[in-house]
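What the coordinates show
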Amino acid sequence: MSGSPLGAEPEDRDRGILTPDDRTYLRGEKEYSSEQSEIDARYRIRKRIKDSILDFSVILANLSQKDREQVFRSNAPQQDSGGETSLSDFEEFIKKTRFVKGIENAIAFLYLGISDLDWDFEEVVEAGVRSAEEKHGKVVENVSVSIHIDYSEPDFEELMLKLESGEGLTRDEMSALIRSNEFEIDQATLDQFLKQFEDDISEEIEDGDIEIHFNDEV
């Protein structure tokens, strides 16, 4: 890898929908010299997202099955064979896990966009599944998709009090608090998050819930 921390986004990844500069900007690591430059950059990003979504009609209709399978099979993590794992094997696993997470986040982004329009997400998914099965040569009589979501609203003030008192938070609670934007998260609080996460991972390894083996081959 290119010197990036283990598990971090590679700095030399090729352009996709976003250019490397786009990624740096959206992560808050880049500032433009003028307000107009930033407006132009955001416009370019929105336009490329729209054009990329439109490209999927061309991809679905014309990309060969062989090419489609290579995209997924060559980038998806494989099941653990049970043998020892080298550092390079682990880095490759992290990279491929990021690919799976990208699929999940693509679905999440489409869900948010469709929800913003007050469209029925299930109907859109049904139409997509129908198109995919027809691509397989099937005659589809009916597609039914049902999504049920149970919500719980976290009490962010209570979570902050738990954190400040030294009481541990679950990973879901930590994630909800960080994403809420309800509170300013200072460096000390971030350090506390990371310390708890490290402790949780160490405990899972000790309990045998996570097994990582390295050999000397790199």
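Residues numbered from 1 in each chain as written. Predicted model: local features only at pLDDT ≥ 70, side-chain atom pairs only at ≥ 80, totals over all residues. Heavy atoms only, no water.

With that settled, the discussion passes to the nonpolar core. Grouped together as the largest cluster of nonpolar side chains are 7 residues: Phe-156, Leu-159, Met-160, Leu-163, Leu-169, Met-174 and Leu-177. Mapped by element, the contributors of at least two residues to this core are α6 (156–164) and α7 (171–180). Take this core: its biggest share by element is 4 residues, from α6. (Core = buried A, V, L, I, M, F, W, Y, C linked by side-chain atoms within 4.5 Å. Buried < 20%, exposed > 50% of the residue type's maximum accessible area, 1.4 Å probe, protein only. Helix = DSSP H or I, 4+ residues; strand = E, 2+ residues; numbered from the N terminus.)

The predicted model of the protein has a mean per-residue pLDDT of 79, with 68% of residues at 70 or higher. When mean pLDDT is taken per element in the protein, helix α2 (residues 35–62) scores highest with 97 and helix α8 (residues 187–207) scores lowest with 59. Counted against residues more than four places away or in other chains, residues 1–8, with its pLDDT under 50, gives 11 contacts. Every residue in residues 209–218 is under pLDDT 50, and counting partners more than four places away or in other chains gives 17 contacts. (pLDDT = per-residue confidence, 0-100. Contact = heavy atoms within 4.5 Å.)

Once that is clear, we can look at a negative patch on the surface. A cluster of acidic residues, Asp-155, Glu-157, Glu-158 and Glu-167, forms a negative patch on the protein surface. Tracing the backbone through its elements, the reader meets Glu-167 in the loop between α6 and α7. (Patch = residues over 30% accessible without salt bridge, like charges linked within 9 Å, V, L, I, M, F, W, Y side chains within 5 Å. Areas by Shrake-Rupley, 256 points an atom, 1.4 Å probe, with all protein chains shown as cover. Salt bridge = Lys/Arg side-chain N within 4 Å of Asp/Glu carboxyl O. Lys, Arg positive; Asp, Glu negative; His and termini not counted. Charge placed at Lys NZ, Arg CZ, Asp CG, Glu CD.)

Turning our eyes to something else, we now look at the side chain of Arg-48. With respect to the helices and strands, Arg-48 occurs in helix α2. Residue classification places Arg-48 among the buried residues on the basis of a relative accessible area of 18%. Within polar-contact distance, the side chain of Arg-48 engages the backbone oxygen of Ile-17 at 3.0 Å. What Arg-48 contacts, discounting residues up to four positions off in sequence, is Arg-15, Ile-17, Thr-19 and Asp-22. (Polar contact = N/O pair within 3.5 Å; in protein donor to acceptor, adjacent residues only side chain to side chain.)

For the coordinates displayed, the defined rule picks out 3 aromatic pairs. Seen in terms of ring centroids, Tyr-25 and Tyr-32 are 5.3 Å apart; in terms of plane orientation they differ by 65°. Their pairing is edge-to-face. On the accessibility criterion, Tyr-25 (9% relative accessible area) is buried. For Tyr-32, a relative accessible area of 22% corresponds to the partly exposed category. A ring pair is formed by Phe-72 and Phe-99, whose centres lie 5.8 Å apart and whose planes are at 70°; its orientation type is edge-to-face. With Phe-72 in helix α3 (residues 65–73) and Phe-99 in helix α4 (residues 87–116), this pair connects stretches of sequence that are 27 residues apart. Residue class for Phe-72 comes out partly exposed when judged on its relative accessible area of 42%. When the ring centre of Tyr-32 is taken as origin, the NZ or CZ atom of Lys-30, which lies over that ring, is 5.0 Å away. (Phe/Tyr/Trp six-rings, centres within 6.5 Å; stacked < 30°, edge-to-face > 60°. Lys NZ or Arg CZ within 6 Å of the ring centre and 35° of its normal.)

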